[in-house]
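Tertiary structure, described
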Amino acid sequence: MKVVVIGAGLAGLSAARHLQANGAEVVVLEARDRVGGRLEGGTIEGHPLELGGTWIGEGHARMYALADELGLATFPTWNDAGKLVIQLGTKRRLMSGKRGAVPRLNPVALADLAQGMLRFDRLARSVDPARPWAHPKAELLDGQTFETWVRRTLRTPAGRAYFRTATEAVFAADTTDLSLLHALFYAVSNADLETLLAVDRGAQRDRVVGGSVLVAERLADGLDVRLGAPVTGVADDGAQVSVTTRSGEVVTGDRVVVALPPTLAGRLHYDPLLPAWRDQLTQRVPAGTVAKTFAAYPTPFWRDAGLNGQAASDQGPVKVAFDVSPPGGKVGVLLGFVEGGEARRWQRLDDDERRREVLDSFVRYFGPRAAEPTSYLEKDWSAEEFTRGCYGAHFAPGVWTSYGSALRESVGRIFWAGAEYAVEWNGYMEGAVRSGEATAREVLIRAKDD
């Protein structure tokens, strides 16, 4: 059996590797001139950093096992020594980086936040991540934006600001962009909301020494990966598939795995046409809007001030920041995320304005020394031709209940894989690997049945 895999991100490479290990002939077609997809390596002051997907964390068993298998080491995100900065409104507060810590809010705001978190977590646990559209109240949950729930449930400005900032950090989107059902699905897919946001026993716990892109590069070893081969079309005549690239090359196989985000998968030409419900789905699951910004300094000076380099704020453009210095603290590197609606405004500014706004945010969090980095770097993922947004897709109101059952359903000899298709750890590197391997198993079972 020959399988063509479209996309050399973690999902595509994991699928290809599993298929090849089980006797299939596999060709991987990748549009970029590199492997990794939404993983990309870079350097700042001579040290590696992650321009794309960065962390592995609590519950990411496949990624830890894969890193070990591929001879890669991990190291913890700087967190234990120092406080993180919380800025809601005009007030700046410090908070422990330990899981379960809560910001020092006035008692009314704190109680409001606690009841909101309790209600959200309880509701999320009632959702089956494999079939969110089957929830008894799916129509109600999917018929409203997450913002509607936030306004109805949270009574204080601080409580509402927390959920809005958390949504930008997790989805690279605003609470007005996604349905309540999608927010609940995503939280339960990733254990819970606190795991999504946390470093300590959370999703941001560890990084790969040398950068996460090394996972993709080592997965690609031994595979037939053809770079610089953007796919334009997929034809399925019922007996075989034919995949056409932009250069006119045609690669044939018995099955094809489309390991692209739904919105990009929807831009390919299919012959015959995809079922209407599948195509309609891809029109309704946009990618988030996010840019990663980095500033390097001679030392991680914020540590001397008792800070761990993390910040969360309801004021932008950088509303979430992390210390992503290399192991040993040889230089200090701050990572600032610009996300959602804030990113849609910020990305229209000129280079100097964007840089100034980012550094102003760092100064607000970490003091005047943040104004003078030795290097500055930014990566706008929505500007990438073969990505057009990160971290992953989000579902607008009505999409899960109208089209959700079509998300993972194969069409003839065409199969789907990617972080957006994962039942567990959706949207993360862990989810991408699990989805790729699950799709490969499905292809093998289908081939055996045929």
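Keep in mind that this is a model prediction, so the values were computed, not measured.

About the criteria used
Residues numbered from 1 in each chain as written. Predicted model: local features only at pLDDT ≥ 70, side-chain atom pairs only at ≥ 80, totals over all residues. Heavy atoms only, no water. Helix = DSSP H or I, 4+ residues; strand = E, 2+ residues; numbered from the N terminus. Rg over C-alpha atoms; globule rule 2.2 N^0.38 Å. Buried < 20%, exposed > 50% of the residue type's maximum accessible area, 1.4 Å probe, protein only. Contact = heavy atoms within 4.5 Å. Axes fitted to C-alpha atoms, helices over the stretch in contact; angles between N-to-C directions. Parallel < 35°, antiparallel > 145°, perpendicular 65-115°, else oblique. Left-handed = near helix turned anticlockwise from the far one by under 90°. 1 Å grid on protein atoms, 1.4 Å probe; cavity = no way out; pocket = protein on both sides within 12 Å on 5 of 7 lines; lining within 4 Å. Points joined across faces, edges and corners; volume = space filled by probe spheres on them. Nonpolar A, V, L, I, M, F, W, Y, C, P; charged D, E, K, R; others polar. Salt bridge = Lys/Arg side-chain N within 4 Å of Asp/Glu carboxyl O. Pairing = 2+ DSSP bridges. Core = buried A, V, L, I, M, F, W, Y, C linked by side-chain atoms within 4.5 Å.

Remarks on the overall build of the protein
From N to C terminus, the protein includes 16 helices and 21 strands. Against the globule reference of 22 Å for 450 residues, the protein gives a C-alpha radius of gyration of 22 Å, in line with a compact fold. Dimensions of the protein, computed from C-alpha atoms along their principal axes, come out at roughly 65 × 50 × 40 Å. Burial statistics for the protein: of 450 residues in total, 58% are counted as buried. When contacts within the protein are restricted to residue pairs at least 6 apart in sequence, long-range pairs at least 24 apart make up 73% of them.

Quick notes on the packing of helix H3 (residues 107-124) against helix H6 (residues 157-171)
The interhelical angle for the contact between H3 and H6, taken along N-to-C directions, is 40°, at an axis separation of 8 Å. Regarding the angle of H3 to H6, the classification is oblique. By crossing handedness, the relation of H3 to H6 is classed as right-handed. Between H3 and H6, the residues in contact are Ala 109, Asp 112, Leu 113, Gly 116, Met 117 and Phe 120 and Ala 158, Gly 159, Tyr 162 and Phe 163, respectively.

Quick notes on empty space enclosed by the protein
Here the idea is plain: a probe the size of a water molecule rolls over the atoms and shows the empty space left. Applying the stated criterion across every chain yields a total of three cavities of 30 Å³ or more. Looking at the largest cavity, its volume works out to about 60 Å³. If you trace the largest cavity, you find it lined by Val 170, Phe 171, Tyr 186, Tyr 391, Gly 392, Ala 393, His 394, Asn 426 and Gly 427. Of the residues in the lining of the largest cavity, the class split is five nonpolar, four polar and no charged. Put simply, the second largest cavity is a space of about 50 Å³. Considering the residues around the second largest cavity, the lining is formed by Phe 120, Phe 146, Phe 163, Ala 166, Thr 167, Val 170, Phe 171, Ala 183 and Leu 193. Of the residues in the lining of the second largest cavity, the class split is eight nonpolar, one polar and no charged.

Observations concerning the packing of H3 against helix H5 (residues 146-153)
One way to put it is that H3 packs onto H5 with a least axis distance of 10 Å and a crossing angle of 135°. Taken together, the axis directions place H3 and H5 in an arrangement best described as oblique. The way H3 lies across H5 gives a crossing that is right-handed. Side by side, H3 and H5 meet where Asp 112, Gln 115, Gly 116, Arg 119, Phe 120 and Leu 123 of the first sit next to Phe 146, Trp 149 and Thr 153 of the second.

Digging into the pattern of salt bridges
Counted by the stated rule, this structure contains 30 salt bridges. Between Arg 205 and Asp 206 there is a salt bridge; the shortest N-O distance is 3.3 Å. With relative accessibility at 28%, the residue Arg 205 sits in the partly exposed group. Between Asp 224 and Arg 226 there is a salt bridge, with its nearest N and O atoms 3.1 Å apart. The partly exposed category is assigned to Arg 226, whose relative accessible area is 29%. Several salt bridges converge on common partners, so that one network encompasses Arg 34, Glu 40, Lys 379 and Glu 384.

Some points on unusual backbone geometry
Cis geometry is adopted by the peptide bond preceding Pro 272, which originates at Asp 271 and carries an omega value of 0°. Here Pro 272 shows up in the loop between strand S15 (269-271) and helix H11 (276-282). In this chain, Gly 316 is followed by Pro 317 through a cis amide linkage whose omega measures 5°. Within the secondary structure, Pro 317 is located in the loop between strand S17 (307-313) and strand S18 (318-323). With a phi angle near 55°, Arg 201 is a residue other than glycine that sits in the positive phi range. Positioned with a positive phi, Trp 425 is a non-glycine residue whose angle comes to about 60°.

Notes on the sheet that holds strand S11 (residues 231-236)
An order of S13-S12-S11-S15 is seen for the four strands of this open sheet, with the pairing classed as mixed. Sheet topology places strand S13 (250-253) and S15 at the edges, where each strand pairs with a single neighbour. Adjacent strand axes in the sheet meet at a mean angle of 15°, parallel and antiparallel pairs treated alike.

Some details on the pairing of S18
The side chains of a regular strand alternate, first on one face of the sheet and then on the other. With six of six residues buried, S18 is to be regarded as a mostly interior element. In this sheet, S18 lies alongside S17 in antiparallel orientation, the contact comprising two bridges. Each bridged residue has a counterpart across the sheet, and for Ala 312 the counterpart in S18 is Val 320. Between S17 and S18, which pair antiparallel one after the other, the connecting turn spans four residues. Of the strand pairs in this sheet, S18 and strand S19 (residues 332-339) are connected by five bridges, and their pairing is antiparallel. Looking across to S19, one finds that Phe 322 is bridged to Leu 335.

A short note on the nonpolar core
The nonpolar side chains of soluble globular proteins are, as a tendency, buried together. With 66 residues, the main nonpolar core has Phe 163 and Val 258 as its most contacted residues. When residues of this core are assigned to their parent elements, the largest contribution, eight residues, is made by helix H7 (residues 180-189). Leave out the neighbours within four places in its chain, and Val 258 touches Ile 6, Ala 265, Leu 268, Tyr 270, Ile 414, Phe 415, Trp 416 and Ala 417. Membership of the second largest hydrophobic core comes to 38 residues, among which are Ala 16, Leu 219, Val 257 and Val 433.

Section: the sheet that holds strand S6 (residues 74-76)
Pairing in this open sheet of three strands is antiparallel, and the strands run S5-S9-S6 from one edge to the other. The open sheet has two free edges, formed respectively by strand S5 (55-56) and S6, since each of these has just one partner strand. Pairing of S6 with strand S9 (residues 206-208) involves three bridges; the strand directions are antiparallel. Note on S9: the bridge partner recorded for Pro 76 is Asp 206.

Geometric values such as these leave the question of function open.
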